[in-house]
Amino acid sequence: MAARRRPPLRIYHARVSALGPVLDGAGVLAAPWRGWLESAAALGFGQVLADARDAGDEAACQALARAASRRRLELYLDCPPAGEGEGAVDWAARGLVWRDLGARGLLIRDLATPASLPQRLAPLREREDGLDLLAWTPGLSRAVVGGLRGLGFSHVFSSLAWWDFRSAWFMDEWHALADTGCAVLAFPSDPYGAGAAGVGVPDPEVRRRASIRALWAAATCGAGWLVPMGYERHGLDGAPHDQLDLGADLQAANRWLARAPADGVALSPLGGADAPIAMMLRRADGQRGRRGSHLLLFNPDLLAASAVDWPMIQSRLPDRVQRPAEGKVPAALGPGAAQVVELEPAPPVLAVLPRRRSLTAAMGASRVAIEAVEPAIEHGRFAVKRTPGEALSVRADIFMDGHDKLAADLLWRAADEEAWIRVPMVHLGNDRWEAVCRFERVGMGCYAIEAWRDTYATYLDELRKKTDAGVDVAVEVEEVRGWIAKVLGRASQAGHEVRARAEEAARGLADLRGDACLAWIRSPEAAALIQALEPREFASRSAEFPVRVERRTAQFGSWYECFPRSQSGDAHRHGTFADVAARLPAIRDMGFDVLYFPPIHPIGRRNRKGRNNNLVAEPGDPGSPYAIGSEEGGHDAIHPELGTLDDFCALVGEAARHGLEIALDFAIQCSPDHPWLARHPEWFAWRADGSLRYAENPPKKYEDIVNVDFYARAANGRDAASGLWLALLDVVLFWAGEGVRIFRVDNPHTKPLPFWEWLIAQVHARHPDVVFLSEAFTRPKMMYRLAKLGFSQSYTYFTWRETRRELTDYVEEISRPPVSDFFRPNFFVNTPDINPRHLQDSGRPGFLIRAALATTLSGSWGMYSGFELCEGTPVPGKEEYLDSEKYEIRAWDWDRPGNIVAEIGVLNRIRRDNPALHIHTGTGFLNTDNDRVLAYTRATPERDNVVLVVVNLDPRGAQGANIELPLWEFGLPDDGTLHAEDLLRGYRFDWRGKMQHVWLEPGGPYAIWRISRRF
């Protein structure tokens, strides 16, 4: 049956016991049923659901369908399972008859024997104008639910009505339902039972809150809803204590649903079980393919309000969903409240960083010192990196001579803004001050610190000390009176209200004497007035420190690398972009966000490499894609056998529809056939004999590649390289213009550092959302310098870190300041150039171990295709792949026995559902008594989401260890209790006491739990 693009279902369910027979004695639709239809239409529903046992005969069905149609309603029939009541119906035999009589859908609850479903459903799926088939799935096992995929059902039902707005089972169930390929519906209370969570609450106001929260949750957490008849009067309770009036709320929810996008609905949790509110992101496709996004907020507490931490929520939102479309996100939710906020992109910052002001001019004659500002990369030479909404905690040493009191503000702004946003700093002790800001938009920004002598606080402190000691303060009071009078006299520049208050205070102050004057000086009125007039004496301002705000893809993503030419499935046929498009669903289903291609440009023929890096190519050998350039073009051209530029752009769009973003390789190297050698020979370093030196990255040699000269000069000594720099910039801008916003840069450490700083700044000035990944397997300081120059991410030494100590030391180095403030890792488990030795002989367990480590230790990770097949056949004695795709076209069996495709999908899903795994910070390694077992926690800064991971590092044998749980980090004693949710197997339990034992077999070498103190 062809898929129909339809608005969300809004179903009103009849309670037959309250309506009686469908037809009256005259054979026409009975009055109660007409009233029910009128109520459904008035409440904004689009469909009505009646029991097939009562409305299934021809006369009743036809009368009910016609009456519904006149009210712009569609009739659906409820088909109960055999044994429920009397008179069970055969929906398989009657379905098409009901369709001809006007029914539009069936709710099938007879799913107890799934084996017979395909045969029974087959006739209903054959008609183009067939029925909507709804499957009643609450209470079914995951196996039965999974078996519904592909059977023809259009909708399934979640168990949301029983959710407590905290437990993780709801999202686990929702994912399982969504995996069926059906749209997910919800209901606020059980249409076949007594009600839902919260039934029987005696307080009518609390019942009302719970009922409204439940209806908004049901309306928004899926592609439509089903509401039992009478909910508008009774809410969650099947029978009223005192009748509620929820009609307006139902109408509002139905209006929202009628406008809301409903195709491809996806729910993502934004917080953990310890968060004060339930937070979810709803995304769906609307008209003209536009992706609609809504933030869903629910307060689980029916008796108390809960704060909404919008900056924290914003920091967890995906790209292009950064701020409310209208108004603001509420600062708090009332007891049991629900809020739906439409989200939209924030415009990127297109301005460049403003010039730094002179520190000497800013300081002037000030006596206040501002030192040791953190984070500051190379004293502000380079930018600190953050993502929208991510906390930037700024600290500094602030002091001055004497014992005077100080005050300080953190100032921050985007580069295209003039006005500073001020945040008061807090004194931590020992002259250390701190404040937190959160940038909202992608692009450049900056921050500074302003500090001054707080003269008013200094006077108050002096008066307090002297009066406490019994010292006469008459003179001091007169001094303070004179100072305040001067401050009040400067009020002419203030606003009207402040000016009026200052003038009144000045007149009153002149008449005060002695204790009365002292009392006024100490009064809240005086403090508020002085603060409003801001007498910042001896003010000092620090230098401005740059901040680079990058989109979340720079921080969190799962990368999949493949050679497009090997995607045809035939080693004798060159793959095309169309072949890649056919692979997109499989890559998406593994949970990847970024699809990265090695170079896709024309390949040179001169010195072309043969298979396995042979210096002589045989006829038909495709050559290495890194030997860029031929008569067909250079870096801005596409290899003809892959397709055209239009084909590539179509692939970019198709990938986006699958939730994937295309990343391209920017490799600054040329084959001897590159057009630049003929057009711009001055860009290359020629030897005395007229030859060119081929490229090397010792110990590797690349005879099919020549490098450009970044500082080339013409024969007359004039600069010849500036044209090269501009040409390379044009290459990046060209592909950015074709929709590419991620570039993996090949060997950037072999190119001049000033070039990268210049090029990245130029690109970001035009496209602030471009992400650059540095492939620099080199010395740590060079890797860090490239990150400081502007690279968003970097490959790392993780690829070679194997032991517990190696992994612990390395992750601690890169996940903590100062490195973590500018360097973001991307943990690739393998690359086309690197077949790690530990994967060559460790079998399937070794691949599982590395996948678990990469996915849970870094916000970004990546794999080169074949890893999911446990491919590790090496060139003997080398970390290289035998029959490497760099030199030949390969055909892969993607269903090869022993693959870990499913495991990778689960790991990526766990990553998506846990914000603690979206960042590269917040890692805490735990004590174990076995060096073959690595245990660690990953936590968000707010610690509302904490994940515990234990990995057996031995691929050849089972390992066990006693692990010390960090109960103290949860404020628990050593004998405290932690609640654990097994994210791989789905069960939950309690851990009591800080020492726990874990045993892991090679076939399942890792365990992942979400832990919290709330259960």
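Note that this is a predicted model, so its numbers are computed, not measured.

(A) Quick peek at the overall build of the chain. What the chain contains, in helices and strands, is 28 helices and 43 strands. For 1015 residues, the compact-globule estimate of 2.2 N^0.38 gives 31 Å, and the chain sits close to it at 34 Å. Counting every position in the chain, which comprises 1015 residues, the buried fraction comes to 56%. Relative to all contacts within the chain whose residues are 6 or more apart in sequence, the contacts with residues 24 or more apart total 75%. Of the accessible surface of the chain, which amounts to about 41400 Å², a share of 51% is contributed by carbon and sulfur atoms. Side chains of the chain carry 119 positive and 133 negative charges; the gap between the two charge centres is 2 Å.

(B) Seen up close, the UniProt feature "active site" (unreviewed entry) in the chain. UniProt marks Asp 746 and Glu 775 with the feature "active site" (unreviewed entry), using the numbering shown here. For the annotated residues, spread through 30 residues, the largest C-alpha to C-alpha distance comes to 5.4 Å, consistent with a single compact locus. Along the chain, Asp 746 turns up in strand β31 (residues 742–746). We classify Asp 746 as buried; its relative accessible area is 5%. When sequence neighbours within four positions are dropped, the list of residues in contact with Asp 746 reads Tyr 626, Asp 665, Phe 666, Ala 667, Gln 669, Lys 751 and Glu 775. Tracing the chain through its elements places Glu 775 in strand β32 (residues 771–775). In this structure Glu 775 touches Arg 744, Val 745, Asp 746, Asn 747, Pro 748, His 749, Tyr 795 and Asp 833, once residues within four positions along its chain are discounted. Here the side chain of Glu 775 touches Arg 744 through a polar contact of 3.2 Å, side chain to side chain.

(C) Spatial organisation of the environment of Ala 18. Among the secondary structure elements, Ala 18 is positioned in helix α1 (residues 16–19). It is 9.7 Å that separates the C-alpha atoms of Ala 18 and Gly 230, two residues lying 212 residues apart in sequence.

(D) Region of the structure containing the pattern of salt bridges. In total, this model carries 66 salt bridges according to the counting rule given. In this structure, Glu 378 and Lys 788 form a salt bridge, with 2.8 Å as the shortest nitrogen-oxygen distance. Highlighted residues: Glu 378 in the loop between β16 (369–374) and β17 (384–386) and Lys 788 in helix α24 (residues 780–789), separated in sequence by 410 residues. For Lys 466, the salt bridge is made with Glu 462, and the minimal N-O distance between the two is 3.2 Å. Here Lys 466 pairs with Glu 462, and both are found in helix α14 (residues 455–468), just 4 residues apart, close to one helical turn. Residue class for Lys 466 comes out partly exposed when judged on its relative accessible area of 25%.

(E) Just the sheet that holds strand β8 (residues 224–228), in detail. Here we have 8 strands laid out as an open sheet, ordered β7-β6-β5-β4-β3-β2-β1-β8, and parallel in their pairing. Both edges of this open sheet fall to β7 (183–185) and β8, since each of them pairs with a single strand only. Here the average twist between neighbouring strands, direction ignored, is 25°. Note: strand β3 (residues 74–79) against strand β4 (residues 103–108), 5 bridges, orientation parallel. Bridging from a neighbouring strand, Asp 78 pairs with Leu 107 of β4. Sheet contacts for helix α2 (residues 31–42): β1 (9–13) and β2 (47–51); angle to β2, the most-contacted strand, approximately 150°.

(F) A look at the domain arrangement of the chain. Assigned domains within the chain: domain 1 (10–259), domain 2 (270–346), domain 3 (366–549) and domain 4 (909–1012). Computed from C-alpha coordinates alone, the two centres of domain 1 and domain 2 are separated by 27 Å. Of the residues lining the interface, 17 residues belong to domain 1; the matching set on domain 2 comes to 19 residues. Carbon and sulfur atoms make up 66% of the area that domain 1 and domain 2 hide from each other, which totals about 1400 Å². When the buried surface of domain 1 facing domain 2 is broken down by residue, Arg 166, Arg 209 and Arg 213 rank first, second and third, together holding 41% of it. Taken together, domain 1 and domain 2 are joined by 0 salt bridges.

(G) Seen up close, unusual backbone geometry. Going from Glu 374 to Pro 375, the amide bond is cis rather than trans, its omega being 0°. If you trace the backbone, Pro 375 turns up in the loop between β16 and β17. In the segment running from Pro 817 into Pro 818, the intervening peptide bond is cis, with an omega of 0°. Following the sequence through the fold, Pro 818 ends up in the loop between α25 (804–814) and β34 (826–828). Unusually for a residue other than glycine, Asp 431 sits at a positive phi of about 65°. Here Asp 431 is to be found in the loop between β21 (426–429) and β22 (432–437). Owing to a relative accessible area of 34%, Asp 431 belongs among the partly exposed residues under this scheme. Within the chain, Asn 613 stands out as a residue other than glycine whose phi angle is a positive 65°. Within the secondary structure layout, Asn 613 lies in the loop between β27 (594–597) and α20 (645–657). Classification of Asn 613 by relative accessible area gives partly exposed; the value is 28%.

(H) Spotlight on the packing of helix α22 (residues 722–737) against helix α23 (residues 753–766). Direction vectors running N to C along α22 and α23 enclose 40°, while the axes themselves pass 10 Å from each other. Considering their axes alone, α22 and α23 lie oblique with respect to each other. Taken as a pair, α22 and α23 cross one another with a handedness that is right-handed. Each of Trp 725, Leu 726, Leu 728, Leu 729, Val 732 and Leu 733 in α22 lies in contact with α23, whose residues at this interface are Pro 754, Phe 755, Trp 758, Leu 759, Gln 762, Val 763 and Arg 766.

(I) Representation of the environment of Leu 428 within the structure. Among the secondary structure elements, Leu 428 is positioned in strand β21. You can call Leu 428 partly exposed: its relative accessible area is 42%. Along the backbone, Leu 428 and His 838 are 410 residues apart, and their C-alpha atoms lie at a distance of 47 Å. Look past the residues within four positions of Leu 428 in its chain and what remains in contact with it is Arg 395, Trp 433 and Glu 434.

(J) Structural context of the sheet that holds strand β10 (residues 278–285). Here 5 strands make up an open sheet; going across it, the order is β9-β10-β11-β15-β13 and the pairing antiparallel. A strand with exactly one partner marks an edge of an open sheet, and here the two such strands are β9 (263–269) and β13 (323–324). Bridge count for β9 against β10 is 5 bridges, and the pairing is antiparallel. Each bridged residue has a counterpart across the sheet, and for Ser 268 the counterpart in β10 is Leu 281. The strands touched by helix α8 (residues 169–178) are β9 and β10; relative to β9, the strand with the most contacts, the crossing angle is about 155°. Contacts between helix α9 (residues 204–220) and the sheet are confined to β10, β11 (291–298) and β15 (338–344), with β11 contributing the most and set at about 155° to the helix.

Procedures and definitions
- Residues numbered from 1 in each chain as written.
- Predicted model: local features only at pLDDT ≥ 70, side-chain atom pairs only at ≥ 80, totals over all residues.
- Heavy atoms only, no water.
- Helix = DSSP H or I, 4+ residues; strand = E, 2+ residues; numbered from the N terminus.
- Rg over C-alpha atoms; globule rule 2.2 N^0.38 Å.
- Buried < 20%, exposed > 50% of the residue type's maximum accessible area, 1.4 Å probe, protein only.
- Contact = heavy atoms within 4.5 Å.
- Areas by Shrake-Rupley, 256 points an atom, 1.4 Å probe, with all protein chains shown as cover.
- Lys, Arg positive; Asp, Glu negative; His and termini not counted.
- Charge placed at Lys NZ, Arg CZ, Asp CG, Glu CD.
- UniProt positions renumbered as here; feature names shortened; annotations may be inferred.
- Polar contact = N/O pair within 3.5 Å; in protein donor to acceptor, adjacent residues only side chain to side chain.
- Salt bridge = Lys/Arg side-chain N within 4 Å of Asp/Glu carboxyl O.
- Pairing = 2+ DSSP bridges.
- Axes fitted to C-alpha atoms, helices over the stretch in contact; angles between N-to-C directions.
- Domains from an automatic or database assignment.
- Buried area = accessible area lost by both parts, 1.4 Å probe.
- Parallel < 35°, antiparallel > 145°, perpendicular 65-115°, else oblique.
- Left-handed = near helix turned anticlockwise from the far one by under 90°.

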